Protein chains: 2
Amino acid sequence: MRDDAFSTGSFTLPGEAGFEKLTAKLAELWGADTIRDSDGTRLSDEILSSGTDICSTLCLVRADNAWAKANPDKLQQNFLMSRPVVATGPTVRVDLLDGYSRDQFVVNVDDDPRGFWQVFDRTTGVEVPPSSWDLDAGTGAVTIARATPWHRYTVNFLVRRIWEEISMYNHVTNDWGDRERLMSVEPRHPETRAHLLEVLDRWLAERPATKVVRFTSLFYNFAWFWGDRPERRFVYSDWGSYDFTVNPAALRAFEKARGYRMSSEDFVNAGLYNASHNVPSARYRDWMEFTHDFVVEFGRTCVFNGFEARLCAAVPGVATRELRLHPYLFPTGLRGEPTFAEGGNPTLDAKRYWVQVRRALLRAPVDRIGLGGYLHLVEPFPDFQDCIAELAREFRLLKTFHERGSPHVLPARVGVVTAWGRLRTWTCSGHLHEHPELELTHMLESLSGLPVDVEFISFDDIAARGVPEAIGELVNAGRQGSAWSGGRYWKEPALVERVRSWVAAGGALIGIGEPTAEPHGGSYFQLSDVLGVERETGRSICSAKCTFPPPDGTHFITRDLEGAPDFGRDVDGIHAIDGGTTVLASRDGSPTITVREYGSGRSLYLSGFVHSPANARLLHRGIAWCARMEAEFPAWTCEDVRLECAWYPAKRTLVVINNCGDPVGSRVFDGGGNAFRVSLEAHGIAILER
Amino acid sequence: MRDDAFSTGSFTLPGEAGFEKLTAKLAELWGADTIRDSDGTRLSDEILSSGTDICSTLCLVRADNAWAKANPDKLQQNFLMSRPVVATGPTVRVDLLDGYSRDQFVVNVDDDPRGFWQVFDRTTGVEVPPSSWDLDAGTGAVTIARATPWHRYTVNFLVRRIWEEISMYNHVTNDWGDRERLMSVEPRHPETRAHLLEVLDRWLAERPATKVVRFTSLFYNFAWFWGDRPERRFVYSDWGSYDFTVNPAALRAFEKARGYRMSSEDFVNAGLYNASHNVPSARYRDWMEFTHDFVVEFGRTCVFNGFEARLCAAVPGVATRELRLHPYLFPTGLRGEPTFAEGGNPTLDAKRYWVQVRRALLRAPVDRIGLGGYLHLVEPFPDFQDCIAELAREFRLLKTFHERGSPHVLPARVGVVTAWGRLRTWTCSGHLHEHPELELTHMLESLSGLPVDVEFISFDDIAARGVPEAIGELVNAGRQGSAWSGGRYWKEPALVERVRSWVAAGGALIGIGEPTAEPHGGSYFQLSDVLGVERETGRSICSAKCTFPPPDGTHFITRDLEGAPDFGRDVDGIHAIDGGTTVLASRDGSPTITVREYGSGRSLYLSGFVHSPANARLLHRGIAWCARMEAEFPAWTCEDVRLECAWYPAKRTLVVINNCGDPVGSRVFDGGGNAFRVSLEAHGIAILER
């Protein structure tokens, strides 16, 4: 691992002005070929002239704060729903921003509130006519007349954002005091667009050393509503929502383009908004497409302009994929826990993160890695510095294996079906740590390191065109009513017809948690016949449940499982629909793993999922069983589930990795079924040529 | 406890022919004043002439099996839904009785199947027109033409029952071999009614020694569908359903009386039927009332007839309440576990049961106790014989305390609100052991022994007339969508208006599990503002939740709680709506006990409930806090939660009971707040005059 071929390149270092020596030392140690700036920092001339490629970060929409301040009508906007207020008499006063950060939001009283806002009686679900409410622009309060006592009322209203949320987060987390609060401007206005292109030109001209421009959040951030009290610091956030793309200009443009009008309620959705995990409405999908078109169109103008100015040799359209390592170089993490601070252990954090991503890097190549944040924070952590140097070398080595072709996979192709399909390939609902309760995210984490091909597909795609020819196993994972499980989609006859007929003809359905779940027609799992199981949610407790013989642990799928599966907070109340379902594991009488034959096809049900070596293996075996590839499964696998391996046939190289913090020795099976022994230290790696 | 005043009376013994000596011995030992027969038994002349009052059991509708056999068109009927069948082509064949016991059911092919039956495409929810299906009366199969491939189909069809379900259960459990299988006849037919009155006359004439007639199941049993395969011995059962009251005669009478027609689907309800725990439809409530009227009317005829024949001195209308002790004198219990058989411990069973009912007997008097089943089974269990003698004495003693007036209670009156209200006072969904998952049943078990008054009220009552004046604390306990929690009722504005305004004016809401739950208007708990908590069900995971200070255990409600509350399988994902909710206990960040002030009223939320001494005390304290009777609470309470007491002011007698199987000593507080010490043996009782 000390070969100099792996000592430099493919590494982006966050430089920091005032720490030029440290920047130079770590650039050398980590083999950085690019130095970038970070949010709120500017590289010094010394660093800029160091000879290393310079990457400059630009969040275009908040790049000119003076202009933003001078043009408050061009600030980005969004809809908020007021906190519900219960009427105690015929008049209700709603303080619109109660509960929300007044540092972040101001009520937009200028853009036709009666036209864009809506007031709802949430008890009846009926909109209060605009003639029955009044806005006091001075106090930001709405007064509802002729209210029904003891009903709950809410107001959907437009706000301007006077503090851009990432600026806000960095400012607060790094304790920036009276440093300027940045604002984002709305590119839907032609004046804004013209100004942004000027800003970009000027910005590039001022940075002759910059070779790469890193555009952050082009042009809209994910939604992040901050709160106004200590018990609720944040109110709402979603990495996939389009909430911050809404404003009167966009709404008017939408109406013109699509021939109908989006209402405030289309966005507010009774306070649930349109988070990625909620099943989207057709109208909201329309809005997303409309916004996407705009961002691509104006984004192309910006990028073209930028590239032209730089006379970039790179062909537009070929992306370079860079993976940012964790932890972020901040004193504390997202939940306030110490990282580069007293009590933190950034080296361990980095190793754990690396072990998680490494298994995926064996399956799919990434071009570069890098770090983000403030470099000076790593100075007191020499261990961390060495650890990153080691990881960088390992990364460069792993990259080389992909040079001549893909690694060996089972000839199985898994289709993951969600409401979003390709649009949210792998990402789903943001980071795993933000929604650790989502079975799908865990399942994808396991899947990312398995030797199978994966694609993402939407319920709409399947309803319209069936399951694509290439897919052999379809995964539906999530809780009832979510965009992942599917909710209302499972009431669409076309969808269930397509999936049933496809499985019966030889396909396979892998259901996790509450697959195909939606109460309808007396069923909860709409494909309970395919899955072979149903869930008792309290509606049918008078119906007796099938008993089943105790599992004996000999099934192909559970052969590597020691004891009961640990699926975290999984689903209970599961029961077999009849004796045709085979229960492979159960807890308190509720099956946790089941299989069934359906026509010429198969199905596998898991009551939940958390990523772990044992569960990744269970999934691997489950996919192989569903694909009827039990015989092909052993090739290039490790007996001990804590080890994984990848075989690169073109290089005749086998890479074995240890995903755990203990030394592990295990038998490893080659393509011919022959076993040999491999021993690895904690988090270790072995490169074997065969 | 050996006072002869308590050695006889108020006890009903099940006599058994062939065991005359044992019958006489136990009648003496247990102080029985009445001997009764049991299902399938007939008392011998020796017993009948023993001088003890004779109670004879009669299930009128199955009393003349020869007539039932000769009149198969008069057998009782019901609707069944066939097991769902997925179409694989344009024609689907549905074997109607697949999954159901053919010993119990035969398809009724005679009564206008096309008029009464319905076939559904459960994938679309649309009924298949009668012209598109055909019944093969010979095989009992329906063939559907022009089906949509891969849709699920079901048939609602009428069956006759050729084996009455209690006869079936007794027959199978007691291994009666080729003994006759009894059938129930349908009293909706005038011929049946005339015949039943004749049977009753004859039956009474044949039993000159009989002083009391015990009518069992007058005239309809609870629903109990048996299955046809070992993995599903029973298909469906509910102690409160009206499924077995349905037949063409009744359906026609209903249409005539009410002016509209009940459909098969009104009963089948997509296979969920109308179990007591499901929220009833208005039409089903109508059916229940219609049936109730008929049963009362014809029942009155029968009873009048019976009393007249006997020249009974008792005034009709005054009921004698008899409590049947457990265990039942059968070799095995309902789940097949041994009772009066090798491996059983009927004495312990009896004591445990007695301790459970005794605390309720302190609060509300019962007139008599008794046993059921086959007396000879107790012969090898002398311990059990002595135990029952002891319990009978204790029962007679407890009865005397109520003679001069009610025991002391907190001046609080708890209203338990369900979809059923008074109709299902205390009973709810049948026995606790059948649905141990129901929070309400556990809560009622605790409530039955607490010194508070209780009444039952329906959502309809409250929506129409508000919470009754006398009620101080309203309890809503159960899971979303159940008849206990309320489901769709909570979308009715009148209901939420009434409850909100009542609490705000000084009432109190006690919510358990998922109170007021129904997804609507962006809320899950419709009265989250009153309760102060909401539940995350996966729809709003992007909304941040309020943090709360760690509970310090000093609140009045939790003062007797040691450690975390144990509510069994309670509800997770609970969060405070804002800082105004006080969290008294939590688990994994999810509050389990919270309180809130609402206007002049209060609310208490518990995430679940199982009956235990600790939880009964928690409920007792919770009611006192809600009633603002913290000062009145200590009077006549025991410090140790395993003891309970009742103060009978008119008799100046305090009864202290030990509800647990260990000796307990505890301080007890009198009405003036003075403490004194009481020590009791396991399951013990102390009678203190003061």
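Residues numbered from 1 in each chain as written. Chains lettered and ligands numbered in written order. Predicted model: local features only at pLDDT ≥ 70, side-chain atom pairs only at ≥ 80, totals over all residues. Heavy atoms only, no water.

## What to know about the interface of chain A and chain B
Counting residues at the interface gives 57 residues for chain A and 57 residues for chain B. At the boundary of chain A with chain B, total buried surface from both sides reaches about 4,700 Å², with 52% on carbon and sulfur atoms. Contact with chain B buries area across many residues of chain A, yet Trp150, Glu231 and Cys542 of chain A alone supply 16% of it, more than any other trio. Where chain A meets chain B, there are 6 salt bridges. (Contact = heavy atoms within 4.5 Å. Buried area = accessible area lost by both parts, 1.4 Å probe. Salt bridge = Lys/Arg side-chain N within 4 Å of Asp/Glu carboxyl O.)

## Regarding the confidence of the model for chain A
Residue and element names in this part refer to chain A. Overall, the prediction assigns chain A a mean pLDDT of 92, with 96% of residues at 70 or greater. Note that pLDDT drops below 50 for residues 307-318; the model gives that stretch 7 contacts with residues more than four away or on any other chain. Here the prediction assigns the complex a pTM of 0.92, and the interface score ipTM is 0.90. (pLDDT = per-residue confidence, 0-100.)

## Some thoughts on helix α1 (residues 20-30) of chain B
All names here are of chain B. Considered for burial, the residues of α1 that qualify are Glu20, Leu22, Thr23, Leu26, Ala27 and Trp30. Take α1 and look down its axis: the buried residues cluster within an arc of 160°, on one side only. Away from its buried face by more than 90 degrees, α1 exposes Lys21 and Glu28. In the core, the buried residues of α1 are packed alongside β1 (11-14), β2 (34-36), α2 (45-48) and α11 (382-401). Taken from the residues just after α1, Gly31 is the one with a positive phi, measuring 70°. (Buried < 20%, exposed > 50% of the residue type's maximum accessible area, 1.4 Å probe, protein only. Helix = DSSP H or I, 4+ residues; strand = E, 2+ residues; numbered from the N terminus. Arc of directions from axis to C-beta.)

## Looking at the relation of the copies chain A and chain B
For the pair chain A and chain B, the relating rotation is 180°, the translation along its axis is 0.1 Å, and the fit reaches an RMSD of 0.1 Å. Overall, the copies show the geometry of a two-fold rotation axis. (Least-squares fit on C-alpha atoms with pLDDT ≥ 70 in both.)

## A closer look at the pattern of salt bridges
Evaluation of the coordinates by the stated rule reveals 98 salt bridges over all chains. Two residues, Arg569 of chain B and Asp572 of chain A, come together in a salt bridge whose shortest N-O distance is 3.1 Å. Pair noted here: Arg569 of chain B is in the loop between β24 (533-535) and β25 (574-576) and Asp572 of chain A is in the loop between β24 (533-535) and β25 (574-576), and the two residues belong to different chains. Since its relative accessible area comes to 53%, Arg569 of chain B is described here as exposed. Residues Arg160 of chain B and Asp110 of chain B are paired through a salt bridge, measuring 3.0 Å at the closest nitrogen-oxygen approach. A residue pair is termed long-range when its members are at least 10 positions apart, and Arg160 of chain B in strand β12 (residues 152-161) and Asp110 of chain B in the loop between β7 (105-107) and α4 (113-116) qualify at 50 residues. One salt-bridge network, held together by shared partners, links Arg83, Asp98, Asp228 and Arg229 of chain A together with Asp578 and Arg596 of chain B.

## What to know about the sheet that holds strand β31 (residues 653-658) of chain A
Residues and elements named next belong to chain A. The 3 strands are arranged β30-β31-β34 in an open sheet whose pairing can be described as antiparallel. Among the strands making up the open sheet, the edge pair consists of β30 (643-648) and β34 (685-689). For this sheet, the mean angle separating the axes of adjacent strands, direction not counted, is 15°. Packing of helix α10 (residues 346-363) onto the sheet brings it into contact with β30, β31 and β34, and relative to β31 it is tilted by some 165°. (Pairing = 2+ DSSP bridges. Axes fitted to C-alpha atoms, helices over the stretch in contact; angles between N-to-C directions.)

## Quick notes on empty space enclosed by the protein
For the structure shown, the criterion picks out 12 cavities of 30 Å³ or more. For the largest cavity, the lining is made up of 17 residues, of which Leu450, Pro451, His620, Glu644 and Cys645 of chain A are closest to its centre. Secondary structure elements with two or more residues in the lining of the largest cavity: α10, α16 (613-626), β29 (637-638) and β30 of chain A. Looking at which element gives the most residues to the lining of the largest cavity, the answer is α16 of chain A, with 4 residues. Of the residues that constitute the lining of the largest cavity, the class distribution is 10 nonpolar, 3 polar and 4 charged. Taken together, Asp37, Arg42, Leu43, Leu48, Ser56, Arg207, Ala209 and Thr210 of chain B make up the lining of the second largest cavity. Grouping the amino acids of the lining of the second largest cavity by side-chain chemistry returns 3 nonpolar, 2 polar and 3 charged. (1 Å grid on protein atoms, 1.4 Å probe; cavity = no way out; pocket = protein on both sides within 12 Å on 5 of 7 lines; lining within 4 Å. Points joined across faces, edges and corners; volume = space filled by probe spheres on them. Nonpolar A, V, L, I, M, F, W, Y, C, P; charged D, E, K, R; others polar.)

## Structural notes on the nonpolar core
With 120 residues, the main nonpolar core has Trp117, Ile144, Phe225, Trp287, Met443 and Leu447 of chain B as its most contacted residues. The element that contributes the greatest number of residues to this core is helix α16 (residues 613-626) of chain B, accounting for 7 residues. Excluding residues within four positions of it along the chain, Trp117 of chain B makes contact with Leu96, Val107, Asn108, Trp133, Leu135, Val142, Val155, Asn156, Phe157, Leu158 and Ser264 of chain B. The next biggest cluster of nonpolar side chains, apart from the first, holds 119 residues, and it includes Ile144, Val159, Val499 and Ala504 of chain A. (Core = buried A, V, L, I, M, F, W, Y, C linked by side-chain atoms within 4.5 Å.)

## Looking at the packing of aromatic side chains
Residues and elements named next belong to chain A. For the structure shown, the criterion picks out 78 aromatic pairs over all chains. Summarising the aromatic geometry, the rings of Trp30 and Phe384 are spaced 6.4 Å apart at their centres and angled 85° between planes, so their arrangement reads as edge-to-face. Of the two residues, Trp30 is situated in helix α1 (residues 20-30) and Phe384 in helix α11 (residues 382-401); the sequence distance between them amounts to 354 residues. Relative accessible area serves as the criterion here: at 0%, Trp30 is assigned to the buried category. (Phe/Tyr/Trp six-rings, centres within 6.5 Å; stacked < 30°, edge-to-face > 60°.)

## Comments concerning the sheet that holds strand β2 (residues 34-36) of chain A
Residue and element names in this part refer to chain A. Spatially, the 6 strands line up as an open sheet ordered β13-β3-β2-β1-β17-β16, and their pairing is parallel. Sheet topology places β13 (210-215) and β16 (322-324) at the edges, where each strand pairs with a single neighbour. Taken over all neighbouring pairs, the strand axes of this sheet differ in orientation by 25° on average, direction set aside. Each of β1 (11-14) and β2 is contacted by α1, which is oriented at about 160° to β1, the strand it contacts most.

## Focus on unusual backbone geometry
Glycine aside, residues mostly have negative phi, and peptide bonds are mostly found in the trans state. All names here are of chain A. Omega for the peptide link from His326 to Pro327 comes to 0°, which places this bond in the cis form. If you trace the backbone, Pro327 turns up in the loop between β16 and α10. At Arg146, a residue that is not glycine, the phi angle is positive and equals roughly 55°. Its location among the elements puts Arg146 in the loop between β11 (141-144) and β12 (152-161). A positive phi angle, close to 55°, is found at Asp175, a residue other than glycine. Looking at the element boundaries, Asp175 is found in the loop between α5 (165-173) and α6 (190-205). Assessed through its relative accessible area of 66%, Asp175 is described here as exposed.

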